[in-house]
Structures are given as C-alpha cells and as structure tokens.
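# Architecture and fold: a report
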Amino acid sequence: MLAPARTAAQSDALFSQYWALPTYYNPAAAGTSDSIKITLGTKLQWVGIPNAPTTFTGMADSPFKLFGKRFGAGIAFSQESIGLFSNINIGLQLAYKLKLFGGTLSIGLQVGLANQSFKGTEVFIPDGDDYHNSDDEAIPTTDIAGMAFDMGVGVFYTHRWFWASLSTTHVMQPTITLSSEGQQTDGGEYEFQMGRGLYFMAGSNIPIKNTLFEIQPSIMLRTDMSSFTGDITARVRFKKFLSGGIGYRWKDAVSIMVGGEYKNFFLGYCYDYPTSAISRASSGSHEIFLQYNVKLNLQDKNKNKHKSIRIM
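Presented here is an overview of the structure given in this document.

What counts, and at which threshold
Starting afresh in each chain, residues are numbered from 1 along the sequence in its written order. Local features are withheld for residues below a pLDDT of 70 in this predicted model, meaning they are given only at 70 or higher, and side-chain atom pairs are given and counted only at 80 or more; totals for whole chains, interfaces and linings count all residues. The side-chain values count all of the structure's non-hydrogen atoms but skip hydrogen atoms and water molecules. Distance thresholds for patches are 9 Å for like charges and 5 Å for nonpolar side chains (Val, Leu, Ile, Met, Phe, Trp, Tyr), applied to residues having over 30% relative accessible area and no salt bridge. Accessible surface is estimated by sampling points in the Shrake-Rupley manner with a 1.4 Å probe; for residues, cover comes only from the protein chains shown. Salt bridges are counted wherever a side-chain nitrogen of Lys or Arg sits within 4 Å of a carboxyl oxygen of Asp or Glu. Each helix corresponds to a stretch of at least 4 residues labelled H or I by DSSP, and each strand to a stretch of at least 2 residues labelled E; elements are numbered beginning at the N terminus. Per-residue accessibility, obtained with a 1.4 Å probe over protein chains only, is compared with the maximum for each type, and a residue is labelled buried under 20%, exposed over 50%, and partly exposed between these values. Charge counting treats Lys and Arg as positive and Asp and Glu as negative, with His and both chain ends excluded. In plain terms, the charge of a residue is placed at NZ if it is Lys, CZ if Arg, CG if Asp and CD if Glu. Stacked, edge-to-face and tilted are the three classes for Phe, Tyr and Trp ring pairs, Trp counted by its six-membered ring, which pair at centre distances within 6.5 Å; planes under 30 degrees apart are stacked, over 60 edge-to-face, the rest tilted. A pair of strands counts as paired when DSSP detects no fewer than two bridges linking them.

Taken together, the side chains of Tyr96, Leu98, Ile107, Val155, Leu166, Phe200, Leu221, Phe228, Ile232, Tyr248, Trp250 and Val254 define a hydrophobic patch exposed on the protein surface, amounting to about 1000 Å² of accessible area. Among the structural elements, Trp250 can be located in the loop between β16 (242–249) and β17 (253–262). We classify Trp250 as partly exposed; its relative accessible area is 47%.

This is the structure we're talking about:
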C-alpha cells in the first residue's frame, strides 16, 4: 500500500525463430521476396506449468506491381491463450518498395482488429477463510470479451549482404473494454490496454567460400518502454537443404533449432531451455513452423517479340 508500482506484460508472442516470421512483427516485410509465402507456426511456452501460454499464427504475403511500382501485400493472424485469457489479432498489410543504396527499402502499414476474452465462468475463488472473497467485484464471474482497432508500422531494408527491420506494433496502444455478451459491465471496469512494442531485427547470409555451407547470423531487440529483451542467433545452412543453430534470449532462454527444406517447403523446429528461475517449474518451450513458397515472375514482359529469320 505504501509502495505503489506499475507492472506491464507483453502483447506479442516471443518467437525464437523470428528470422522466419518477419511479417509477424513488421508489415513492411510483406513481399520482400519474389514468392508467395504462406507460413503456419505454433509455440508451446513453459511446458509443465498449468495454463502456460500457447500461440498459433498464420501469415501469407506476396509481392505485386501496380502502375509500374512494386508493392507487397499480406495478412497476419495470431491467437494466444494464457490461462483464462485469449487474445486474437488479425491484420491486413501493405508495403511500398523503392530502390535505395543498392538494395530495396520497404515501408509498411498494418491495420486490423485486436480481440481479447476472459473465461470468467471458470474462475475459482476459495471461500471460508480470511484471505479470499468470492464476491470480489474486480474478478468477473461471466465470460467477457472485447475488440478494438489496431495498427502497426515499420520499415524493412534488404541488400545483397544483409537485411534490417525496424517496426512498431500496437501504435495507438488500443484499450479494449471487455463486456458480457455484448453488454458493457456495470461501470465498465474491465479494460485491457495493449502495450506498444518496438522491434529491431537484422541478419545476414554469408556463404563460406568453396563449400556448400552458409552462415546466417541474426539479432532481434525488443522493448515496450518498461522492459527490454534481445535475441542473438547463429545458424548454419548446408546445401540449401538442412540448417541448424543456437540462440540466446537475454536472461530468459537458450535455444536449439533445426530445419529442413524440400522443394517449396521449409519446416523448422526450436527448443528453448529457460535460464531463469522458471526452469524449476518448466522443462522448456517448443516451437514449430511450416512455410510454403511459390515463385513468381515479376519481370517486365517484352512487348516487342521477334522471331529469328532462321526459323521462319
């Protein structure tokens, strides 16, 4: 009572394979390659702890040309369950691309909806002692839900030797008012504000001369202005078929990841072992994603077709 404090929690999932899911954090990453990309991923966080977070995400993006300019378009969906809470986010993405310093700069915008629900009917409050109050009005006893408009922005730069990303999610920090069956609760006391997230990502693809190996280092820094965390990852790719590596999240976890490519498919798996005190209760986290790519031809068509006189 005498030492009030403010606490905050993240609004976005912590994917260790962030390098494969750039559009989850940055709408400007939509259409950065000449392929239609469809990605599905899931994360089971802190296995062994009841009601631990579970996340599912689905994304699709593609490049396209309009009026001679190059754009990228995408859609991103995510659903996360944490105890009795459930968060759903869906957004449409549009990115404009231009040549800059020998690479491509992409400027992106995402607009969508954020939905949160709470299963108040499953709340259990012990009774019959001096420490619990089953009539506590601060805890809802009915299922409540709410929705709000959400937006994200970012820039993404790709070059022959590296890529870099800077983005902001939940720009306006929307406040979601939770109600029961569409009716606002008395006093409208159940509200949730999504915290703004700032993300920086960068990586490279370095071929090892006279070998079939490539080194793929990457980094991610994230903050919500009240806390900070960062990931550093080192991966090795062999023959554009198999890949593997390790990663470290500051004061949180060590990661081991493997992946395989076959034709247009890529399958990746990652195991996180916690390095914090939470390791006493959890055996770690598991993360898996599947990506499918369809190559597109965005080259300008030759309007002046000629046949060789030798075959006339």
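The subject of this paragraph is a negative patch on the surface. A cluster of acidic residues, Asp127, Asp129, Asp130, Asp135, Asp136, Glu137 and Glu189, forms a negative patch on the protein surface. By the secondary structure assignment, Asp136 is in the loop between β5 (103–118) and β6 (144–158).

Turning our attention to the packing of aromatic side chains. Inspection of the entire model under this criterion finds 12 aromatic pairs. Note on Trp19 and Phe289: the rings are 6.2 Å apart at their centroids and 80° apart in plane angle, and the pair reads as edge-to-face. Of the two residues, Trp19 sits in the segment before α1 (22–25) while Phe289 sits in strand β19 (residues 284–295), which places them 270 residues apart along the sequence. Residue classification places Trp19 among the buried residues on the basis of a relative accessible area of 17%. Under the relative-accessibility criterion, Phe289 is labelled buried at 3%.

When their charged atoms lie close together, side chains carrying opposite charge are able to pair. Taken as a whole and judged by the stated rule, the model has 9 salt bridges. Across the salt bridge formed by Lys43 and Asp272, the nearest N and O atoms sit 3.3 Å from each other. In this pair, Lys43 sits in strand β1 (residues 35–47) while Asp272 sits in strand β18 (residues 265–274), placing the two residues 229 residues apart along the sequence. Each of Lys43, Arg222, Asp231, Arg249, Asp252, Asp272 and Glu287 takes part in a single network of salt bridges with overlapping partners.

The next point concerns the pairing of strand β7 (residues 162–169). Two elements, β6 and β7, share 6 bridges in a ladder whose sense is antiparallel. Paired with Phe156 across the bridge in β7 is Ser165. Where β7 lies against strand β12 (residues 197–204), 8 bridges are found, and the strand directions are antiparallel. Along β12, the bridge assignment pairs Ser167 with Tyr199.

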